[in-house]
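# Chains, contacts and geometry: an overview
Residue-level listing of the chains:
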Amino acid sequence: MKRKIGSGINSKENFWGWIYVALGTFLIGLFVFFPMIQSLIMSLQSGKGNNLKFSGFSNYVRMFSDATLIKAVGNTFIFLIVQVPIMIILALIISSVLNDKKLKFSGFFRTAIFLPCVASLVGYSVIIKSIFASDGLVNKLLINIHLISVPIEWITDPFWAKILIIIAITWRWTGYNMIFYLSGLQNIDHSIYEAAEIDGASPFRKFTSITVPLLKPIILFTTITSTIGTLQLFDEPMNITKGGPANATTTISKYIYDLCFTYTPDFGYATSVAYLVVIIVVVLAIIQFKIGGDKNDK
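Read on for a plain summary of the structure. Only a predicted model underlies this, so the values are computations on that prediction, with no experimental measurement involved.

## Topic: helix 6 (residues 137–144)
Among the residues making up helix 6, those that are buried are V138, N139 and L142. Along the long axis of helix 6, the arc covered by the buried residues comes to 95°, so they all point the same way. In helix 6, those exposed residues whose orientation departs by more than 90 degrees from the buried face are L137 and N144. In this fold, the buried residues of helix 6 make contact with helix 5 (121–131). The first or second residue beyond helix 6 is H146, which carries a positive phi of 65°.

Encoded structure:
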C-alpha cells in the first residue's frame, strides 16, 4: 500500500509546526511590516509634534526646496563616493597581505585591524575628536615633521571636517570588510597563485587577475553593505562634528534626527526623508548589481 504524501508527519507535529511558523510570522509582521506601513502613512502627514494631518505628497514636494536636506544629501554622497572605494581597496590590499602564510604574527595584525569594529561608537568618536583637536596629537606630529606650520582645524573647517569623518569611518570599518575578504581568500586554491608565479606574473598582476576576479561576489556584497551603511551614517557626524560647521558634515540620518529631536518635532517630514534613503538604497543596490553582474547571467 502506498503511503500518502505527508503521512510521515503526524497531525500533532504538523500542528506545532504551523504554530511555530505562525508565531515567527506574527512577530515579523508586528515589529517590521506594521511599523513600515505606519511610517509610510506618517510620511503622508504634516504638522508639528503629534498634531499630524493628512497632506498627501506635500512632504515629498517640500524636499526639492529644502536647502538643508539638499546639503545633507550632497554631504552623504561625498562620503559615499570618496570613502567607500578607499575602504574597499584598503581592505582588499590588507587582506591579501595578511593572507600570506609566510607573514609572522598575522593573527595579531588581523585582530588589531578588526578591533575598531567592536569599539564603542561614542568612545572612539571622543578619541578621534581629541587627537584631531587643534592642539591634538595629529597636529603636533604634523608640525614636528614640518608638514604644516599652523594647526589644521579638523573640526571647525568645512573641508577638513569632511576629511576627518572620512578618516574616522575608514579606520572603523576597513577591518570589518577585511574579514570577509580573508575568508574568501582562504577558499582560493593556492596552486592558482603558484601557477601564475611560474608564468612570471608579478604580485600586482596576481592581485588584479586572480584575487579581485575570484572575490567579485564578496566585493559586490561588501560594496552594497558599505553603501547602505554610509547612507545611514549618523554616529560620527553626531559625536565628532555635531553636523557642523555650518552643516558641512550633516548627513541624511543626522538631519532626520534633527527634524525629530533638535528642531520642533516634524515627524511626518522626517519619515518622508527616511523613505528617501530607502529609495536611494534600492536604486544604488540595483545599479551595483547590474555593474557587478549576476552569476546567472549568460
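## Remarks on the packing of aromatic side chains
Each aromatic ring pair is specified by the distance between its two centres and by the angle formed by the two planes. Per the counting criterion, the structure on display carries eleven aromatic pairs. When the centroid spacing of 5.6 Å and the interplanar angle of 65° are considered together, the rings of F108 and F109 count as edge-to-face. For F108, a relative accessible area of 56% puts it in the exposed group. Under the relative-accessibility criterion, F109 is labelled partly exposed at 36%. Here W173 and Y176 contribute two aromatic rings whose centre-to-centre distance is 5.8 Å and whose plane-to-plane angle is 90°, an arrangement assigned as edge-to-face.

## Quick notes on the layout of surface pockets
Gaps left between atoms are located by rolling a probe of water-molecule size over the structure's atoms. In this model, the largest pocket occupies a volume close to 650 Å³. What lines the largest pocket is a set of 18 residues, and nearest its centre among them are S96, N99, D100, H190 and Y193. The leading source of residues in the lining of the largest pocket is helix 9 (residues 203–214), at five residues. Of the residues in the lining of the largest pocket, the class split is eight nonpolar, five polar and five charged. Reported here for the second largest pocket is a volume of approximately 280 Å³. Residue lining of the second largest pocket: 16 residues in total, with W173, T225, S226, G229 and T230 positioned closest to the centre. Secondary-structure elements contributing two or more residues to the lining of the second largest pocket are helix 3 (67–98), helix 7 (158–185), helix 10 (216–231) and helix 11 (235–241).

## Thoughts on a nonpolar patch on the surface
A grouping of L23, F26, L27, I28, L30, F31, V32, F33, F34 and M36 is seen on the molecular surface, where their side chains present a nonpolar patch of about 1000 Å² in accessible area. Structurally, F26 is set in helix 1 (residues 11–42).

## Thoughts on the packing of helix 12 (residues 252–262) against helix 13 (residues 267–292)
Packed helix pairs are specified by the crossing angle of their axes together with the interaxial distance, meaning the distance between the axes. At a minimum axis separation of 8 Å, helix 12 and helix 13 run at an interaxial angle of 165°. Between helix 12 and helix 13, the crossing angle belongs to the class labelled roughly antiparallel. Viewed along their axes, helix 12 and helix 13 form a crossing whose handedness is left-handed. Contacts from I252, Y255, I256, L259 and C260 in helix 12 reach F267, Y269, A270, V273, A274, V277 and I280 in helix 13. Looking at the contact of helix 12 with helix 13 residue by residue, the class counts come to twelve nonpolar, no polar and no charged.

## Considering the nonpolar core
Membership of the largest hydrophobic core comes to 34 residues, with the highest contact counts inside it found for Y181, L215, L231, Y269 and V273. For this core, the elements supplying multiple residues, two or more each, are helix 3, helix 7, helix 8 (190–198), helix 10, helix 12 and helix 13. If near-sequence neighbours (up to four positions away) are discounted, L231 is found in contact with T76, L80, S253, V277, I280, V281 and L284.

## Here's the deal with the pattern of salt bridges
Enumeration according to the criterion identifies three salt bridges in this entry. Across the salt bridge formed by D266 and R62, the nearest N and O atoms sit 2.9 Å from each other. A residue pair is termed long-range when its members are at least 10 positions apart, and D266 in the loop between helix 12 and helix 13 and R62 in helix 2 (residues 58–62) qualify at 204 residues. On the basis of relative accessibility, which here comes to 34%, the residue R62 falls in the partly exposed class. One salt bridge in this structure joins D258 and K254, with 3.0 Å as the shortest N-O distance. Taken together, the residues span about one helical turn, with D258 and K254 both in helix 12 at a distance of four residues.

## Some words on the environment of A270
Checked against the element boundaries, A270 lands in helix 13. Separated by 228 residues in the primary sequence, A270 and M42 have C-alpha atoms spaced 9.2 Å apart. Non-local contacts of A270, meaning those with residues more than four positions away in its chain, are made with I256, L259 and C260.

## Focus on unusual backbone geometry
G244 connects to P245 through a cis peptide bond whose omega is -5°. One can find P245 in the loop between helix 11 and helix 12. Notably, A246 is not glycine yet its phi reads approximately 55°, a positive angle. With respect to the helices, strands and loops of the structure, A246 is situated in the loop between helix 11 and helix 12. A positive phi is found at N247, a non-glycine position, where the angle reads about 60°. Examined against the element boundaries, N247 turns out to sit in the loop between helix 11 and helix 12. On the basis of relative accessible area, N247 is assigned to the partly exposed category, the value being 28%.

Cut-offs used in this document
Residues numbered from 1 in each chain as written. Predicted model: local features only at pLDDT ≥ 70, side-chain atom pairs only at ≥ 80, totals over all residues. Heavy atoms only, no water. Buried < 20%, exposed > 50% of the residue type's maximum accessible area, 1.4 Å probe, protein only. Helix = DSSP H or I, 4+ residues; strand = E, 2+ residues; numbered from the N terminus. Arc of directions from axis to C-beta. Contact = heavy atoms within 4.5 Å. Phe/Tyr/Trp six-rings, centres within 6.5 Å; stacked < 30°, edge-to-face > 60°. 1 Å grid on protein atoms, 1.4 Å probe; cavity = no way out; pocket = protein on both sides within 12 Å on 5 of 7 lines; lining within 4 Å. Points joined across faces, edges and corners; volume = space filled by probe spheres on them. Nonpolar A, V, L, I, M, F, W, Y, C, P; charged D, E, K, R; others polar. Patch = residues over 30% accessible without salt bridge, like charges linked within 9 Å, V, L, I, M, F, W, Y side chains within 5 Å. Areas by Shrake-Rupley, 256 points an atom, 1.4 Å probe, with all protein chains shown as cover. Salt bridge = Lys/Arg side-chain N within 4 Å of Asp/Glu carboxyl O. Axes fitted to C-alpha atoms, helices over the stretch in contact; angles between N-to-C directions. Parallel < 35°, antiparallel > 145°, perpendicular 65-115°, else oblique. Left-handed = near helix turned anticlockwise from the far one by under 90°. Core = buried A, V, L, I, M, F, W, Y, C linked by side-chain atoms within 4.5 Å.

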